[in-house]
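As a plain string of letters, each chain reads:
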Amino acid sequence: MLSYDELTSPERELWDAFPEGRRVDLRTGVPEDDRVFEGGQWGPERTVRAAVIVALIQGANTGQPGAVARLRLAGARISGHLNLAGAQIAHALSLEDCWFEEGVDLSGASTQSIAIVGSRVPGVEAGLIRIEGRLDLRRSRLESGSGSPFHRRVTALSLINAHVSGAVNLSGAEITAPEEWAVSAGGLVAEGGVYCNGFVAHGEVRLMGAQLPGGLHMRGARLERPGQRGVALALDNVVASTLDFSGGFTAHGTVRLRGARVSDNLTFEGAVLNGPPDGDGPALVGLLMQAVDFDFTLARPPSGTVHLRGAQVSYLHDSELSWPDVVELDGFVYGSIKMDEAGGRREAVGQRDSVAHRVAWIRRSPGYSPQPYEQLASWYRKAGHDGDARRVLLAKQRHRRRTLHPAARVWGHLLDATVGYGYRPWLAGVWLLALTLLGTLSFGTHTPNPVKQGEGAPFQPLVYTLDLLIPIGGLGQRTAWYWSNGSLQWLAYLLIAFGWVLTTAVIAGVTRTLQKN
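Okay, so let's go over this structure. (Residues numbered from 1 in each chain as written. Predicted model: local features only at pLDDT ≥ 70, side-chain atom pairs only at ≥ 80, totals over all residues. Heavy atoms only, no water.)

**Description of the overall build of the chain**
Right, so step 1: The helix and strand inventory of the chain stands at nine helices and 38 strands.
Right, so step 2: Against the 2.2 N^0.38 benchmark of 24 Å for 517 residues, the chain shows a C-alpha radius of gyration of 37 Å, more extended than a compact globule.
Right, so step 3: For the C-alpha atoms alone, the extent of the chain along its principal axes is close to 140 × 40 × 40 Å.
Right, so step 4: Out of the 517 residues in the chain, the part that is buried amounts to 51%.
Right, so step 5: Partitioning the intrachain contacts of the chain with sequence separation of at least 6 by distance along the chain shows that 51% fall at a separation of at least 24. (Helix = DSSP H or I, 4+ residues; strand = E, 2+ residues; numbered from the N terminus. Rg over C-alpha atoms; globule rule 2.2 N^0.38 Å. Buried < 20%, exposed > 50% of the residue type's maximum accessible area, 1.4 Å probe, protein only. Contact = heavy atoms within 4.5 Å.)

Listed below in structure tokens is the structure:
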């Protein structure tokens, strides 16, 4: 146990100030002398042992009546290991612009609010911590320390299964663990949210399974030098009200949102998704994620693929810069799409090139899958654009045709040319009119031979042609006349064949359409 006589001058000042919650400020006021990154050169007049802080926090100098004891220290060089693992801490701790000789261990502790602001710390281990208040690490520089006892991986900040009743604030902080885990916070519960605005991480940031009722805010954050798997941010199965990656957010690695559930807004407005540095990996993985509002209006197209298989969003916002060359869309469900154009947003329907643009978007997905087409057509129908929906479904059939064997492709081309796979039944009328005109003009210039002399109705070229083209029933002309001219007889045979083909195609196409509807 420390005695008062053993304390140095700055330690005695801190000791005396603690019961009343007064701040001890050891800064000189000279900017050149107060640079935290040079704190290792500060002398004894600015040095406080970590053991003194531990002793005070654990009640070595009890509070005075009418005052709230708390530890407030600024501009100090903290020597030794600040070890509060498992401690029951009843007082708030505030350290500002301090330089730590060794890391901070808060694992398993139960404590009030903790603030380590603008400081340099060689690693913070806070797995399983319980904080009744907030955790404030703004503007601090955390560097990788030894491997965490929870996973044996080198980590600069560990918050595994931590519970914070307030907010976790990392805004302006720089956390460094290159190619390792900069932040490991799987299972974190931060009721007030996590704030990382202007935050810089060298290494992977992991919040898998985190519960964030107050959201995750990373406006302008920069994630560099990801982990060994190329993942910059891992948010698998996170549950949050908001995920904000806007305002110049930049990730040099994969952003993974697999199974994430966002009750309100998921935004990448103005973000840059560069994908892994080696170029071998996706820029965004959103498999099975759920969000109400998904804003994907990036600053420029992602350099890696985007995976949205099985994702569900109510509102999708995108732009010309949103999508890379490869997009996985199978199972992606959305309620509406809005395009960002000329500083405004509009429903992405009603424009002349709307369908072509959206079909080209679907075609960026490798292989053929019917669901993206059916989802897009469903959206067009709900928006009251049935014609656009039919064009999308026609594009689906044309894409599917490429996957069929040659004979089926031939039949597909025939259905497409004659009735547009049932989505353009008027084409059959065009063909019928054209063939009727051809037959009437061709047969009208010659006289056929009667099958039986003196019997049957007089020859009528128009009725004769229709009788050839309509395979069901009869108009009495086809069986009453024949041609001695070989060319015209072959034309008659061809018209009969075309009539059967047209009839079959119409029935097949209409049946297909009715079944889909």
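**Comments concerning the packing of helix α1 (residues 9-17) against helix α2 (residues 50-57)**
Right, so step 1: Contact pair α1 / α2: the axes reach a minimum separation of 11 Å and the direction vectors enclose 15 degrees. Taken together, the axes of α1 and α2 are roughly parallel relative to one another. Seen along the crossing, α1 lies across α2 with a hand that is right-handed. Mapping the contact onto sequence places E11, L14 and W15 in α1 and V52, I53 and L56 in α2.
Right, so step 2: Class assignment for the residues of the contact of α1 with α2 results in five nonpolar, no polar and one charged. (Axes fitted to C-alpha atoms, helices over the stretch in contact; angles between N-to-C directions. Parallel < 35°, antiparallel > 145°, perpendicular 65-115°, else oblique. Left-handed = near helix turned anticlockwise from the far one by under 90°. Nonpolar A, V, L, I, M, F, W, Y, C, P; charged D, E, K, R; others polar.)

**So, empty space enclosed by the protein**
Right, so step 1: All told, the structure shown has two cavities of 30 Å³ or more when counted by the stated rule.
Right, so step 2: Of the voids in this model, the largest cavity is the one considered here, and its volume is about 80 Å³.
Right, so step 3: L170, V183, V194, C196 and L207 are the residues nearest the centre of the largest cavity, which is lined by 13 residues in total.
Right, so step 4: The computed volume of the second largest cavity comes to approximately 40 Å³.
Right, so step 5: Lining the second largest cavity, in full, are I362, S365, G367, Y368, S369, P372, Y373 and H399.
Right, so step 6: Partitioned by chemical class, the residues of the lining of the second largest cavity number four nonpolar, four polar and no charged. (1 Å grid on protein atoms, 1.4 Å probe; cavity = no way out; pocket = protein on both sides within 12 Å on 5 of 7 lines; lining within 4 Å. Points joined across faces, edges and corners; volume = space filled by probe spheres on them.)

**Quick notes on a nonpolar patch on the surface**
Right, so step 1: On the surface, L462, V463 and L475 cluster together to form a nonpolar patch covering roughly 240 Å² of accessible area.
Right, so step 2: Along the polypeptide, L475 turns up in the loop between α8 (461-469) and β38 (481-482). (Patch = residues over 30% accessible without salt bridge, like charges linked within 9 Å, V, L, I, M, F, W, Y side chains within 5 Å. Areas by Shrake-Rupley, 256 points an atom, 1.4 Å probe, with all protein chains shown as cover. Salt bridge = Lys/Arg side-chain N within 4 Å of Asp/Glu carboxyl O.)

**Some details on the pairing of strand β24 (residues 231-234)**
Right, so step 1: In this sheet, β24 lies alongside strand β20 (residues 200-206) in parallel orientation, the contact comprising two bridges. Of the residues in β24, the one forming a bridge with R206 is A234.
Right, so step 2: Alignment of β24 against strand β27 (residues 254-256), held across three bridges, turns out to be parallel. Opposite L233, over in β27, you have V255 as the bridge partner. (Pairing = 2+ DSSP bridges.)

**Considerations on the packing of aromatic side chains**
Right, so step 1: All told, the structure shown has 12 aromatic pairs when counted by the stated rule.
Right, so step 2: Ring centres of F245 and F249 lie 5.0 Å apart, and the angle between their planes is 50 degrees; on these two criteria the pair is classed as tilted. In terms of burial, F245 and F249 fall into one category: buried.
Right, so step 3: Pairing W323 with W361 gives two aromatic rings, centres 5.4 Å apart and planes at 45 degrees, and the pair type is tilted. Placement of W323 in the loop between β33 (312-318) and β34 (327-328) and of W361 in helix α3 (residues 354-362) is noted, with a sequence separation of 38 residues between them. Like W361, W323 is buried. (Phe/Tyr/Trp six-rings, centres within 6.5 Å; stacked < 30°, edge-to-face > 60°.)

**Overview of unusual backbone geometry**
Right, so step 1: A positive phi is found at D97, a non-glycine position, where the angle reads about 50 degrees.
Right, so step 2: Considering the arrangement of structural elements, one finds D97 in the loop between β6 (93-96) and β7 (99-100).
Right, so step 3: Notably, R225 is not glycine yet its phi reads approximately 45 degrees, a positive angle.
Right, so step 4: Note on placement: R225 falls in the loop between β23 (222-224) and β24.
Right, so step 5: Look at R225 and you get partly exposed, because its relative accessible area is 47%.

**Concerning the packing of α3 against helix α4 (residues 370-382)**
Right, so step 1: At a minimum axis distance of 10 Å, the contact between α3 and α4 shows a crossing angle of 155 degrees. The angle between α3 and α4 places the two elements in the roughly antiparallel class. Considering how the two elements wind past one another, α3 and α4 form a crossing that is right-handed. Touching S354, V355, R358, V359 and I362 of α3 are P372, Y373, L376 and Y380, all from α4.

**Some details on the pairing of β6**
Right, so step 1: What you see with β6 is a clean split: L93 and L95 sit on the buried side and S94 and E96 on the side with no burial.
Right, so step 2: Summarising the sheet, strand β3 (residues 71-74) and β6 pair through four bridges and their orientation is parallel. Residue R72 lies in a different strand from β6, and its bridge partner there is S94.

Bear in mind that shape data such as this cannot, by itself, settle questions of function.
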